[in-house]
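# Coordinates in review
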Amino acid sequence: MISTKNIKEYYQALINKNREYEGVFYVGVKTTGVFCRPTCPARKPKFAHCEFFETAQQALLASYRPCKRCRPLSHPNHASKLVQTLVEAVEKNPERRWKDNDFEELSIDAATARRQFKKRFGMTFVGYARARRMGIAMKQIRAGDSVINAQISAGYESSSGFRDAFSRIMGAAPSLLGHSNILKASWIDTRLGPMIAISNDDALYLLEFVDRRGLEREVERLRQKTKSAIIPGSTEVIKSITKELTLYFDGKIRKFNTSIFFLGSDFQNKVWSELKNIPYGKTCSYADLAKSIGKPSAFRAVAQANGTNQFAIVIPCHRVINTNGDLGGYSGGLTRKQWLIDHEKRNLK
């Protein structure tokens, strides 16, 4: 995760077109949907319109496309003509699914393409193309498109293929990481939309709605904090939370017993633990939550910690509202938050 201090430093480097920062960061421009190198000659965006990434793959997964002016993935001084050709081919049709025999159209040997692309970017050409497709799909889902439409747009004929690809793209392959820590990611269909669950054999590490903004970066932070590879698969923990979610939505349980693992700061962990004490079917304000942990003046920090909760529904941050009765924020969307509150109140009767 890029710190606030670094973000300000990177923005200044962007304004100054500082070449020392080449390869250190990439910037996504929200108003245009492209991502650039620090020295891009284009007119500089306002700070509020920038989103900074440590790698090009993170920018791709956040649905940004490469800038045509600074060509962040194919600058002549850094990439071979072959690599440039491949990147340009993807951008002409970013939703295409590439296969080895497709390289013949470009008069390129598939093995050579794989080797050169991997050497330059640390990911295969197919991985790059998949990241572009998945980024487009995630953008569609966040914009309210149905999962099936996003699946078709991403080029997957089956829902299982789309889900597997989504999970696979969550982290690098174990062979690339040099360690044996493995977390498994699984897609869960719920009444309020698909969720992704990540766990090991002992505990749940993340449970989020698939269309949560910034999910890709949240998963990347999880991977880095735990120094783990995240791969498709299921565990007994995931089976447990899947069953409990079904029972919850059916109104048959009021609390979750699946083991979870907190990865936050001491303050965040304290807030998240206190959230579990809010009774089913009830709500409290951010100010009340701050008082309950003995920090009555820290309601803003409490609200921020509330927003970084990585266990949607299970840690019931949806039960926290503004003092004036307004819903406040919710990473899963206010429509879902209102539904969850109403659902719990109905099942109290």
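Here's a quick rundown of the structure. (Residues numbered from 1 in each chain as written. Predicted model: local features only at pLDDT ≥ 70, side-chain atom pairs only at ≥ 80, totals over all residues. Heavy atoms only, no water.)

Time to look at the overall build of the protein chain. Within the protein chain, the secondary structure is distributed over 14 helices and 10 strands. Taking all 349 residues of the protein chain together, the buried fraction comes to 49%. Taking the contacts inside the protein chain whose residues are at least 6 apart along the sequence as the reference set, 62% of them involve residues at least 24 apart. Split by element, the accessible area of the protein chain, about 17,200 Å² in all, is 48% carbon and sulfur. (Helix = DSSP H or I, 4+ residues; strand = E, 2+ residues; numbered from the N terminus. Buried < 20%, exposed > 50% of the residue type's maximum accessible area, 1.4 Å probe, protein only. Contact = heavy atoms within 4.5 Å. Areas by Shrake-Rupley, 256 points an atom, 1.4 Å probe, with all protein chains shown as cover.)

This paragraph deals with the packing of aromatic side chains. Taken as a whole, this structure holds 13 aromatic pairs when the rule is applied. On the basis of an interplanar angle of 25 degrees and a centroid distance of 5.0 Å, the ring pair of Tyr205 and Phe261 is categorised as stacked. Here the residue Tyr205 occupies a position in strand β7 (residues 204-209), and Phe261 occupies one in the loop between α10 (236-249) and α11 (266-275), the gap between them amounting to 56 residues. Given the relative accessible area of 38%, Phe261 is considered partly exposed. Between Phe262 and Trp272, the ring centres sit 5.6 Å apart and the planes meet at 55 degrees, which makes this aromatic pair tilted. Highlighted residues: Phe262 in the loop between α10 and α11 and Trp272 in helix α11, separated in sequence by 10 residues. (Phe/Tyr/Trp six-rings, centres within 6.5 Å; stacked < 30°, edge-to-face > 60°.)

Turning our eyes to something else, we now look at the sheet that holds strand β1 (residues 26-29). Working definition: the strands of a sheet are paired by backbone hydrogen bonds and lie parallel or antiparallel to each other. The four strands lie next to each other as β3-β1-β2-β4, forming an open sheet whose pairing is mixed. Both outer strands of the open sheet, β3 (50-53) and β4 (65-66), are each paired with one neighbouring strand and no more. Across three bridges, the pairing between β1 and strand β2 (residues 34-36) is antiparallel. Note that in β2 the partner of Val29 across the bridge is Val34. (Pairing = 2+ DSSP bridges.)

This part is about the environment of Asn18. The residue Asn18 is located in the loop between α1 (4-16) and β1 in this model. For the pair formed by Asn18 and Thr39, sequence separation is 21 residues and the distance between their alpha carbons is 6.2 Å. In contact with Asn18, not counting residues within four places along its chain, are Ala13, Pro38 and Thr39.

The subject of this paragraph is the side chain of Arg37. Here Arg37 is to be found in the loop between β2 and β3. Here Thr39 takes part through its side chain, which lies 2.9 Å from a polar atom of the side chain of Arg37. (Polar contact = N/O pair within 3.5 Å; in protein donor to acceptor, adjacent residues only side chain to side chain.)

This next bit is on the packing of α11 against helix α13 (residues 299-307). Interhelical geometry of α11 versus α13 gives an angle of 80 degrees and a closest axis separation of 9 Å. Comparing their axes, α13 and α11 come out roughly perpendicular. Taken together, the residues of α13 that come into contact with α11 (itself represented by Phe267, Gln268, Val271, Trp272 and Leu275) are Ala301, Val302, Ala305 and Asn306. Looking at the contact of α11 with α13 residue by residue, the class counts come to seven nonpolar, two polar and no charged. (Axes fitted to C-alpha atoms, helices over the stretch in contact; angles between N-to-C directions. Parallel < 35°, antiparallel > 145°, perpendicular 65-115°, else oblique. Nonpolar A, V, L, I, M, F, W, Y, C, P; charged D, E, K, R; others polar.)

What the rule picks out here adds up to two salt bridges. Residues Lys239 and Glu236 are paired through a salt bridge, measuring 3.4 Å at the closest nitrogen-oxygen approach. Linking Lys239 with Glu236, this pair stays in helix α10, spanning three residues, or about one helical turn. The partner of Arg319 in a salt bridge is Glu344, and the shortest N-O contact between them spans 2.9 Å. Of this pair, Arg319 sits in the loop between α13 and β10 (320-321) while Glu344 sits in helix α14 (residues 334-346); the two residues are 25 residues apart in sequence, bridging distant segments of the chain. For Arg319, a relative accessible area of 6% gives the class buried. (Salt bridge = Lys/Arg side-chain N within 4 Å of Asp/Glu carboxyl O.)

This part takes up the pairing of strand β5 (residues 182-188). Burial analysis of β5 places five of its seven residues in the buried class, the great majority of the element. Relative to strand β6 (residues 195-199), β5 runs antiparallel, the two sharing five bridges. From the neighbouring strand, Ile188 faces β6, where its bridge partner is Met195. Here β5 folds back onto β6 in antiparallel fashion, the turn holding six residues, of which Gly193 has a positive phi close to 115 degrees.

Moving on, we get to α14. End to end, α14 covers 18 Å across 13 residues, agreeing with the expected 18 Å (1.5 Å per residue, within 8%). Every buried residue of α14 is accounted for by Arg336, Lys337, Leu340, Ile341, His343 and Glu344. In a view along the axis of α14, the buried residues occupy a sector of 160 degrees, so they form one face of it. Where α14 is buried, its residues contact β7, α10, α12 (286-292) and β10. (Expected span 1.5 Å × (residues − 1). Arc of directions from axis to C-beta.)

For the rest of this paragraph, the subject is the pairing of β1. Alternating residues of β1 divide into Tyr26 and Gly28 and Val27 and Val29, and every residue in both groups is buried. Sheet topology note: the β1/β3 ladder contains four bridges and is antiparallel. Bridge pairing in β3 links Gly28 to Glu51. Between β1 and β2, which follow one another and run antiparallel, lie four residues, and Gly33 among them has a positive phi close to 80 degrees.

So yeah, pure geometry; function would need other evidence.
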